[in-house]
Amino acid sequence: MSVLILHALYIIAITAEAMTAALAAGRRSMDWVGVCLLGAVTALGGGSMRDVLLGHHPLVWVAHPEYLLLTAAAALATIAIARFMQRLKRLFLFLDAIGLVAFTVIGCNVAMEMGLPVLVVIVAGMITGCLGGVLRDILCNEIPLLFRSELYASVAVVTGALFVAGHKLGLPHDAVLFASMAVGLAMRLLALRYSWHMPKFVYNEEWH
Amino acid sequence: MSVLILHALYIIAITAEAMTAALAAGRRSMDWVGVCLLGAVTALGGGSMRDVLLGHHPLVWVAHPEYLLLTAAAALATIAIARFMQRLKRLFLFLDAIGLVAFTVIGCNVAMEMGLPVLVVIVAGMITGCLGGVLRDILCNEIPLLFRSELYASVAVVTGALFVAGHKLGLPHDAVLFASMAVGLAMRLLALRYSWHMPKFVYNEEWH
Amino acid sequence: MSVLILHALYIIAITAEAMTAALAAGRRSMDWVGVCLLGAVTALGGGSMRDVLLGHHPLVWVAHPEYLLLTAAAALATIAIARFMQRLKRLFLFLDAIGLVAFTVIGCNVAMEMGLPVLVVIVAGMITGCLGGVLRDILCNEIPLLFRSELYASVAVVTGALFVAGHKLGLPHDAVLFASMAVGLAMRLLALRYSWHMPKFVYNEEWH
């Protein structure tokens, strides 16, 4: 049951990620192919990066190439409905938050099933949750938003840590899964609502 | 026979890619080491990315380190002959088009021999054909040209799709190989000649 | 014995790399999470890239997650002591040079133990020594310094080539290790002291 729900959340999340990435592509006047590529890379890049770093083959989109079609199609469809999406901004921020915590627990799960150390499990969750957006920003030639935004990576770390801790305590898988996602989701939505930010480090001396 | 021709096209193409990447390095005043590195990464990066994503080891340049020397030397030689290359611009655009379709069918072939699904085979071809240039643009701190240029990725997709379709139809390997490359090459050259572009998606609303 | 010294140099070097990366993060006003991430990626990214390209799993930080904590903590501590680091600039440039040659011989060693060709061994050393900084510059949205700085990649190539040559000549491992590191270190320090640079390639014609 929980597997089905998590899978549904995953499908919703990669679709939403691809659609917001398409808007980022549009801000840089990319062509339709660029829109599709940026959508697919953003939606599937975090999981791919995790699998490459952990040596976990085949990658998700190699085993399920239909996700490539889904994300590319979602990005392409965004071109047609972009004018309406502005009004749906809150919905998409909510779906993005769902994606962040769903990707994170999925990534933690992959690393946990590989028998990796606790810290690596948490990092695998963070990579899965956050690196799609980092790749999007690099391809858009921007400093990754992750490094400056509302508790994004922190939410992944907290979600992953709760997920791991629950398992170490021997709590039931489903309870751990949804509790860690719920806490992470609440944290992200509160951060968005009240503009919580991590403190910034500002340093102005040049070395070179 | 077709293996030999394809191999010769591959050698010509990585040399040409390294040389045009050297010019991009020169536009950013990189030093000689940077020129060599950018040349090698651009020429060999697409295939490396494919192999890393598919878990297909060893990578081409690990099995054939002489390609590292060839591409670095070609990039270095470009420094000496850069002044003449402007006049050869058409030749290099032609060689780049050859490289695009040759890399694509080689990439499709690798994925097909691994028994991967059709869609992954086509994507493997596109990655092989296009990602060297994306890496070059990222290292030059630019938005990848791929996302905005004349049918570049589209040519790879069409070439790869024809290659896969021909094989599925049971047509002879050599015929499929050269027919798909010929169609892709014609499409790219026509796109360059008549400045065909994919439509752009322009979107100006900020979300954040 | 030499293993212990090399390990100590590695620990010192990843700490120093994380700290200078933290200053780069501060120059772009990243938040504390960004500082930690940029520190860990810069310190551990070169070795990770080598292992991913060579298919050498598990990666260093997967086998030793304590290095993630060490580098993230070093980066975070840098926020507190940044004002004093300016005076320690020479020390950090020295530690960075130590890191460059230590990472390089470690990388060469990994590839040599995998039985890879000589040229790949040298390239593996260069990737280990230099790519952390390239990742840092990409994430900071800059053209990698590597492509324009004082003999950085060249030092890695010379260090790696001496290391490989010494082994091929059958000289004792420890002597080869420290001699190649000493030559590389001297070369880097002289390059810094006298501002030695590779010649630049400047090319101003546009092609597109």
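Residues numbered from 1 in each chain as written. Chains lettered and ligands numbered in written order. Predicted model: local features only at pLDDT ≥ 70, side-chain atom pairs only at ≥ 80, totals over all residues.

Student: Tell me about the nonpolar core, and please be specific about residues and values.
Tutor: Core analysis: the biggest nonpolar cluster contains 232 residues, and Leu38(A), Ala75(A), Leu38(B), Ala75(B), Leu38(C) and Ala75(C) have the highest contact counts within it. Not counting chain neighbours up to four residues away, the residues in contact with Leu38(C) comprise Phe147(A), Ala21(C), Ala22(C), Ala24(C), Ala25(C), Met30(C), Ala75(C), Arg136(C) and Leu139(C). (Core = buried A, V, L, I, M, F, W, Y, C linked by C-beta atoms within 7 Å. Buried ≥ 20, exposed ≤ 12 C-beta atoms within 10 Å, placed from the backbone. Contact = placed C-beta atoms within 7 Å.)

Student: I'd like a rundown of helix α1 (residues 2-27) of chain B, residues and numbers included.
Tutor: An α-helix turns once every 3.6 residues. As a result, residues three or four positions apart point the same way. Counted at 1.5 Å a residue, the expected span for α1(B) with its 26 residues is 38 Å, and the 38 Å between its end C-alpha atoms agrees. Among the residues trailing α1(B), Ser29(B) stands out with phi positive, at a value near 55°. (Helix = DSSP H or I, 4+ residues; strand = E, 2+ residues; numbered from the N terminus. Expected span 1.5 Å × (residues − 1).)

Student: Run through the interface of chain C and chain B, naming residues and quoting values.
Tutor: How big an interface is tends to be expressed through the accessible area that disappears when the partners come together. Taken together, the contacts link 29 residues of chain C with 31 residues of chain B. Put simply, the parts of the chain that give the side of chain C that touches chain B at least two residues each are α2 (32-54), α6 (118-139) and α7 (152-168) of chain C. The residue makeup of the side of chain C that touches chain B, split by class, is 20 nonpolar, five polar and four charged. (Nonpolar A, V, L, I, M, F, W, Y, C, P; charged D, E, K, R; others polar.)

Student: Lay out the interface of chain A and chain B in plain terms, naming residues and giving numbers.
Tutor: In this complex, chain A contributes 31 residues to the contact, which on the side of chain B involves 29 residues. Counting only elements with at least two residues in the side of chain A that touches chain B, the list comes to α1 (2-27), α2 (32-54), α4 (66-85) and α6 (118-139) of chain A. By residue number, the principal contributor to the side of chain A that touches chain B is α2(A), which donates eight residues.

Student: Requested: an account of the relation of the copies chain C and chain B, with residues and values cited.
Tutor: Aligned on chain B, chain C shows an RMSD of 0.0 Å; the corresponding rotation is 120° and the shift along the axis is 0.0 Å. In symmetry terms, the pair is related by a three-fold rotation axis. A share of only 10% of the interface residues of chain C reappears at the interface of chain B, consistent with the copies meeting through non-equivalent patches. (Least-squares fit on C-alpha atoms with pLDDT ≥ 70 in both.)

Student: So what's going on with the confidence of the model for chain A? Which residues, and what values?
Tutor: Residue and element names in this part refer to chain A. Confidence in the prediction for chain A averages 92 pLDDT; 99% of positions are at 70 or higher. Mean pLDDT across the elements of chain A bottoms out in α1 (92) and peaks in helix α3 (residues 60-63) (97). Note on the complex model: pTM 0.94, ipTM 0.92. (pLDDT = per-residue confidence, 0-100.)

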